[in-house]
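Residues per chain are reported as follows:
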Amino acid sequence: MMRPFRFALALSLALALPASAAPGFANPLVPQRADPHVTLHTDGYYYYTATVPEYDRIELRRTRHLNDLGKAEAKVVWRKHASGPMSSHIWAPELHHIDGKWYLYFTAGRADAPFDIRLYVLENAAANPLGGQWIERGQLKTGWESFALDATTFTVNGQRYLSWTQRPPTADRHMTAVYIARMDSPLSITGPATMLTAPDYPWEKREQHVNEAPAVLVRHGRVFLTYSASATDANYCLGMLSAAASADLTDAAAWTKSPLPVFQSSAATGQYGPGHNAFTTSPDGKTDILVYHARGYRDITGDPLHDPNRHTRAQVITWRADGTPDFGQPVADVNRGRQGR
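What counts and how
Within every chain, residues take consecutive numbers counted from 1 along the sequence as written. Reporting in this predicted model follows two pLDDT cut-offs: at least 70 for local features of residues, and 80 or more for side-chain atom pairs to be given and counted; totals over whole chains, interfaces and linings ignore these cut-offs and use all residues. Side-chain measures were taken over the full set of non-hydrogen atoms in the model, leaving aside hydrogen atoms and water. Helix numbers and strand numbers start at the N terminus; a helix is a DSSP run of H or I with at least 4 residues, a strand a run of E with at least 2. The globule rule used for comparison is 2.2 Å times the number of residues to the exponent 0.38, while the radius of gyration itself is calculated over C-alpha atoms. The cut-offs for exposure are 20% and 50% of the maximum accessible area for each residue type, with area from a 1.4 Å probe on protein chains only; residues under the lower value are buried, those over the upper are exposed, and the others partly exposed. Between two residues, a contact is recorded if the distance between any of their heavy atoms is within 4.5 Å. Here the Shrake-Rupley method, with its probe set to 1.4 Å, supplies the accessible areas, and only the displayed protein chains count as covering residues. By the counting rule applied here, Lys and Arg register as positive and Asp and Glu as negative, while His and the ends of each chain are not counted. Note that the charge is assigned to NZ on lysines, CZ on arginines, CG on aspartates and CD on glutamates. Polar contacts, as used here, are pairs of N or O atoms within 3.5 Å; protein pairs need one atom able to donate a hydrogen and one able to accept it. Residues neighboring in sequence count only if both atoms are side-chain atoms. Here, a strand pair is defined by DSSP locating no fewer than two bridges between the strands. Orientation is described by axes fitted as lines to C-alpha atoms, over the contacting stretch for helices, and by angles from 0 to 180 degrees between their N-to-C directions. Two rings from Phe, Tyr or Trp (for Trp, the six-membered ring) form a pair when their centres are within 6.5 Å of each other. A pair whose planes differ by under 30 degrees is stacked, one over 60 is edge-to-face, and the rest are tilted. Lysine and arginine charges are scored as sitting over a ring when NZ or CZ, respectively, is within 6 Å of the ring centre and within 35 degrees of the ring normal. Criterion for a salt bridge: a side-chain nitrogen of Lys or Arg within 4 Å of a carboxyl oxygen of Asp or Glu.

### Remarks on the overall build of the protein chain
Stage number 1. For the protein chain, the count of helices and strands is one helix and 21 strands.
Stage number 2. For 341 residues, the compact-globule formula gives about 20 Å, and the C-alpha radius of gyration of the protein chain, at 19 Å, lands near that figure.
Stage number 3. Reported as C-alpha extents along the three principal axes, the dimensions of the protein chain are approximately 60 × 45 × 45 Å.
Stage number 4. The buried share of the protein chain, reckoned over its 341 residues, is 54%.
Stage number 5. In the protein chain, of all internal contacts separated by at least 6 residues, the share reaching a separation of at least 24 is 51%.
Stage number 6. In the form shown here, the protein chain has an accessible surface area of approximately 14,700 Å², with 51% of it arising from carbon and sulfur atoms.
Stage number 7. In the protein chain, 34 positive and 32 negative side-chain charges are present, and the distance between their average locations comes to 5 Å.

Written out as structure tokens, the structure reads:
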């Protein structure tokens, strides 16, 4: 048995390593689950949801330890409609506990128009979201109608915000940008939407002009918003914006955009297209964790949308002396080769 002092020393040394070298997760955590979202609730459970490759349902899992997610029961809590709204392309669910209730924010299209994509919300008053009744609360309106997806919500200084992805109303081609607005309830925004980032740099325009899937981490008096860029193949990567937590977050000028990706494919570790991330912590709240998906190979046959092998993964985030997060590079699989085509 490792003595307490030795264990503490080993742990401190591990967390001092770059994020790409820190041990602890049996990656991939969950095979064939993209767009992962994890929340550590006050009951001590991690609650997990993600896009299933059939794009037809929403699953939830809960576990005390992230490494057990792949073994946890996958409870189907909602299925797509046969027709009309919410009948196709069920993507990117996120689970949030707000004012004593659970909310699932997700993306859906129509069977007769699969890419008529919009944002929708489910609500559940049960203490455990794997039980109780999920009630459809309809479309989350953003102020205009166009291709919209990947909603997330967060609070800073007591104000709740929604951030999401949408095609700008003035766009003359298919592209997506990331927006923010204040929320006046878990089901609605108030005030105008502000565009925070659109594809500007070459690395945001590979194959497709995409900024999508915002995720927010608030630390050290700052707000860090990551987003995914480019096509969902090996070009997929994370960009990042940052703002002072005291700033008006609905003012685009308050945010600074990193000119380079902060997380991208790595031939050295055999992980490609890392993105659509979420943030969580260790159970004691002391260690920040990046949860994301990636594929274990670079080359894809056909449309990446139909390739099921985006796997949920996790790794420790380290922090630079200037207070910014260092995501490192995607770590290698613990058992390289376990997940194949």
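Don't stop here, the text continues.
### Some words on the environment of Ser 185
Stage number 1. Residue placement: Ser 185 occurs in strand β11 (residues 177–185).
Stage number 2. The class for Ser 185 is partly exposed, based on a relative accessible area of 25%.
Stage number 3. Within the structure, Ser 185 has its side chain in polar contact with the side chain of Ser 188 (distance 2.8 Å).

### Thoughts on the sheet that holds strand β7 (residues 113–124)
Two pairing modes exist for strands in a sheet, parallel and antiparallel, and in both the strands are linked by backbone hydrogen bonds.
Stage number 1. Overall, antiparallel pairing links the four strands, which are arranged β5-β6-β7-β8 in an open sheet. Two strands in the sheet have a free side with no partner beyond their single neighbour: β5 (85–98) and β8 (135–139). With direction set aside, neighbouring strand axes in the sheet form an average angle of 25 degrees.
Stage number 2. Alignment of β5 against strand β6 (residues 101–110), held across eight bridges, turns out to be antiparallel. Paired with Ile 98 across the strands is Lys 101, a residue of β6.

### Notes on the side chain of Thr 153
Stage number 1. Within the secondary structure layout, Thr 153 lies in strand β9 (residues 148–156).
Stage number 2. Classification of Thr 153 as buried rests on a relative accessible area of 6%.
Stage number 3. Polar contacts involving the side chain of Thr 153 include one to the side chain of Arg 160, which spans 2.9 Å.
Stage number 4. Here Tyr 161 takes part through its backbone oxygen, which lies 2.8 Å from a polar atom of the side chain of Thr 153.

### Points about the pairing of strand β19 (residues 311–316)
Stage number 1. Taken across its six residues, β19 has six buried, putting it largely inside the fold.
Stage number 2. Side chains of β19 alternate between two faces, with His 311, Arg 313 and Gln 315 and Thr 312, Ala 314 and Val 316 buried alike.
Stage number 3. Sheet topology places strand β18 (residues 288–295) next to β19; six bridges connect them, and they run antiparallel. From the neighbouring strand, Ala 294 faces β19, where its bridge partner is His 311.

### Details of the packing of aromatic side chains
Stage number 1. Evaluated as defined, the whole model comprises 15 aromatic pairs.
Stage number 2. For the ring pair Phe 263 and Tyr 292, a centre distance of 4.9 Å and an interplane angle of 85 degrees mean the geometry is edge-to-face. With Phe 263 in the loop between β16 (256–257) and β17 (272–281) and Tyr 292 in strand β18, the pair connects residues that are 29 residues apart, well separated along the chain. Considered together, Phe 263 and Tyr 292 belong to a single accessibility category, that of buried residues.
Stage number 3. Here Arg 62 stacks its cationic end above the ring of Tyr 45, 3.8 Å away from the centre of that ring.
Stage number 4. The ring of Tyr 45 has Arg 64 sitting right over it, with the charged end atom 3.8 Å from the ring centre.

### A word on the pairing of strand β13 (residues 211–219)
Stage number 1. A large share of β13 lies buried, amounting to seven of its nine residues.
Stage number 2. Relative to strand β14 (residues 222–229), β13 runs antiparallel, the two sharing seven bridges. Following the sheet pairing, Ala 215 is matched in β14 by Thr 226.
Stage number 3. Hairpin remark: β13 followed by β14, antiparallel, with two residues in the connecting loop; positive phi at His 220, about 55 degrees.

### Some remarks on the pattern of salt bridges
Stage number 1. A complete count under the given rule lists 20 salt bridges for this structure.
Stage number 2. Between Arg 295 and Asp 307 there is a salt bridge, and its shortest N-O distance comes to 2.9 Å. Residue Arg 295 is located in strand β18, and its partner Asp 307 is located in the loop between β18 and β19; the two are separated by 12 residues in the primary sequence.
Stage number 3. For Asp 333, the salt bridge identified is with Arg 313, shortest N-O distance 2.6 Å.

### Some thoughts on the sheet that holds β13
Stage number 1. What the four strands build is an open sheet, ordered β13-β14-β15-β16; its pairing is antiparallel. Only two strands of the sheet have a single neighbouring strand rather than two, namely β13 and β16.
Stage number 2. When β14 meets strand β15 (residues 237–244), the two strands line up antiparallel, connected through eight bridges. When the bridges of β15 are listed, Leu 225 appears paired with Leu 241.

### Section: the environment of Thr 256
Stage number 1. With respect to the secondary-structure elements, Thr 256 resides in strand β16.
Stage number 2. Given the relative accessible area of 52%, Thr 256 is considered exposed.
Stage number 3. Spatially, the C-alpha atoms of Thr 256 and Ala 244 are 9.7 Å apart, while their sequence positions differ by 12 residues.
Stage number 4. Sequence-distant contacts of Thr 256, that is, excluding residues within four places in its chain, are made with Met 240, Leu 241 and Ser 242.

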